[in-house]
Amino acid sequence: MTNSQNFQKLVALANEHGINCHPAIEDCLIASLPGHDNFLLAFTWSGSIQGEPLEHELIAISVQDIDKGVTVAAWQIPSYLFGSVLRQAQMLVAAHINFID
C-alpha cells in the first residue's frame, strides 16, 4: 500500500471514530484531545507486523502536553484497536494532570 493510501486510510479511521484530525506533516495527523484543549494527539502508520494480515498494521500514537512541551505518552496499536484511543488518551492525560498538580 502506498503512503498516500495509508494516509487516507488513517484519516478515514480517525473520522470514523469521531476524531477531527488535521494533517501536520506528510503521513501524520494531529487532533486536540476532546475535553483537554492543551493536549494534542498525533497519529501515523508505524508499519506492519511481518507475516500478519493488513488489519494488524500498527498505528503510532502520541499525546503531547502543549503547555509543558512534553510527550505524555506514546504507544503503538493494531488498527482494529483504534476505537479505544480516545479513552486511553484521556486516562493518560488525567493521570498526567494529577501527577503534575
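Quick look at the structure, then. Keep in mind that this is a model prediction, so the values were computed, not measured. (Residues numbered from 1 in each chain as written. Predicted model: local features only at pLDDT ≥ 70, side-chain atom pairs only at ≥ 80, totals over all residues. Heavy atoms only, no water.)

Okay, the nonpolar core next. Formed by 24 residues in total, the largest nonpolar core has its most connected members in Ile19, Phe43, Ile59 and Phe82. Looking at this core, the elements that each hand over two or more residues are helix 1 (3-16), strand 2 (28-33), strand 3 (36-47), strand 4 (58-65), strand 5 (70-78) and helix 2 (85-100). Setting aside residues no more than four positions away along its own chain, phenylalanine 82 makes contact with Leu13, Ala14, His17, Ile19, Phe43, Ile59 and Ile77. (Core = buried A, V, L, I, M, F, W, Y, C linked by side-chain atoms within 4.5 Å. Buried < 20%, exposed > 50% of the residue type's maximum accessible area, 1.4 Å probe, protein only. Helix = DSSP H or I, 4+ residues; strand = E, 2+ residues; numbered from the N terminus. Contact = heavy atoms within 4.5 Å.)

Counted by the stated rule, this structure contains 1 aromatic pair. Ring centres of phenylalanine 43 and phenylalanine 82 lie 5.3 Å apart, and the angle between their planes is 50°; this geometry places the pair in the tilted category. Of this pair, phenylalanine 43 sits in strand 3 while phenylalanine 82 sits in the loop between strand 5 and helix 2, placing them 39 residues apart in sequence. Each member of the pair, phenylalanine 43 as well as phenylalanine 82, is classed as buried. (Phe/Tyr/Trp six-rings, centres within 6.5 Å; stacked < 30°, edge-to-face > 60°.)

We now examine the side chain of aspartate 65. Examined against the element boundaries, aspartate 65 turns out to sit in strand 4. No salt bridge is formed by the buried aspartate 65; the nearest opposite charge belongs to lysine 68, separated by 5.2 Å. Not counting residues within four places of it along the chain, the set of residues in contact with aspartate 65 comprises Asn38, Phe39, Val70, Val72 and His96. (Lys, Arg positive; Asp, Glu negative; His and termini not counted. Salt bridge = Lys/Arg side-chain N within 4 Å of Asp/Glu carboxyl O.)

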